[in-house]
Amino acid sequence: MERLFSYGTLQLEAVQRSQFGRLLHGTDDVLHGYVVTEIQIRDPAVLDASGIETHRALVPGDGPPIPGKVFQLTSEELDAADVYESENYVRVRVPLASGTRAWVYVKA
């Protein structure tokens, strides 16, 4: 299983059902070393799944802690998350406040 830290739309029930075919159970955690910015989404499939045109994105920086959820995904589900995040994001592995290492999507 893979760990994925979500700070945005991957926490939405509609997105989880459309991308993974199930609801995910997550645990709370916090990410340091990034700041939140916003990007405009143009991908019709992403817009359809999230219903939101403006998504949050992370860039390296010294900002306040970013709360989110850590989800356990199969490698196939992680691939589905890559498709959902599309060209707007890149996936990187980060340490979280709990000491857990997880994947997170940051601004491309």
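Residues numbered from 1 in each chain as written. Predicted model: local features only at pLDDT ≥ 70, side-chain atom pairs only at ≥ 80, totals over all residues. Heavy atoms only, no water.

Here's the deal with the side chain of E77
Inference 1: Its location among the elements puts E77 in helix 3 (residues 75-85).
Inference 2: A polar side-chain atom of E77 sits 2.7 Å from a polar atom in the side chain of R22.
Inference 3: Discounting chain neighbours no more than four positions away, the residues touching E77 are F20, R22 and Q72. (Helix = DSSP H or I, 4+ residues; strand = E, 2+ residues; numbered from the N terminus. Polar contact = N/O pair within 3.5 Å; in protein donor to acceptor, adjacent residues only side chain to side chain. Contact = heavy atoms within 4.5 Å.)

Brief notes about the nonpolar core
Inference 1: Ranked by internal contacts, the top residues of the largest apolar core, which has 31 residues, are L4, F5, L31, L58 and V104.
Inference 2: Take this core: its biggest share by element is 5 residues, from strand 7 (residues 101-107).
Inference 3: Contacts of F5, omitting those with residues within four sequence positions, involve D29, V30, L31, I66, P67, G68, K69, V70, L96, A102, W103 and V104. (Core = buried A, V, L, I, M, F, W, Y, C linked by side-chain atoms within 4.5 Å. Buried < 20%, exposed > 50% of the residue type's maximum accessible area, 1.4 Å probe, protein only.)

Comments concerning unusual backbone geometry
Inference 1: Of note, S86 is a non-glycine position whose phi angle comes to about 50°, a positive value.
Inference 2: Mapped onto the elements of the fold, S86 is located in the loop between helix 3 and strand 6 (89-95).
Inference 3: By relative accessible area, S86 is classed as buried at 18%.

With respect to the environment of V106
Inference 1: Here V106 lies in strand 7.
Inference 2: Taking C-alpha positions, V106 is 5.3 Å from Y89, a pair spaced 17 residues apart along the chain.
Inference 3: In this view, V106 contacts Y7, Y34, L58, N88, Y89, V90 and V92; residues no more than four positions away in its chain are not counted.

What about the packing of helix 1 (residues 13-20) against helix 3?
Inference 1: Axis separation between helix 1 and helix 3 bottoms out at 9 Å; the angle between their running directions is 115°. Crossing of helix 1 over helix 3 shows right-handed handedness. For the pair formed by helix 1 and helix 3, the contact residues are V15, Q19 and F20 on the first element and E77, A80, A81 and Y84 on the second.
Inference 2: Residues of the contact of helix 1 with helix 3, tallied by class, amount to 5 nonpolar, 1 polar and 1 charged. (Axes fitted to C-alpha atoms, helices over the stretch in contact; angles between N-to-C directions. Left-handed = near helix turned anticlockwise from the far one by under 90°. Nonpolar A, V, L, I, M, F, W, Y, C, P; charged D, E, K, R; others polar.)

So, the pairing of strand 5 (residues 66-73)
Inference 1: Note: strand 1 (residues 2-6) against strand 5, 5 bridges, orientation antiparallel. Counterpart to F5 in the pairing with strand 5 is V70.
Inference 2: With 6 bridges connecting them, strand 2 (residues 26-31) and strand 5 associate as antiparallel partners. Within strand 5, the residue paired with G26 across the bridge is F71. (Pairing = 2+ DSSP bridges.)

Distances and angles like these do not, on their own, reveal function.
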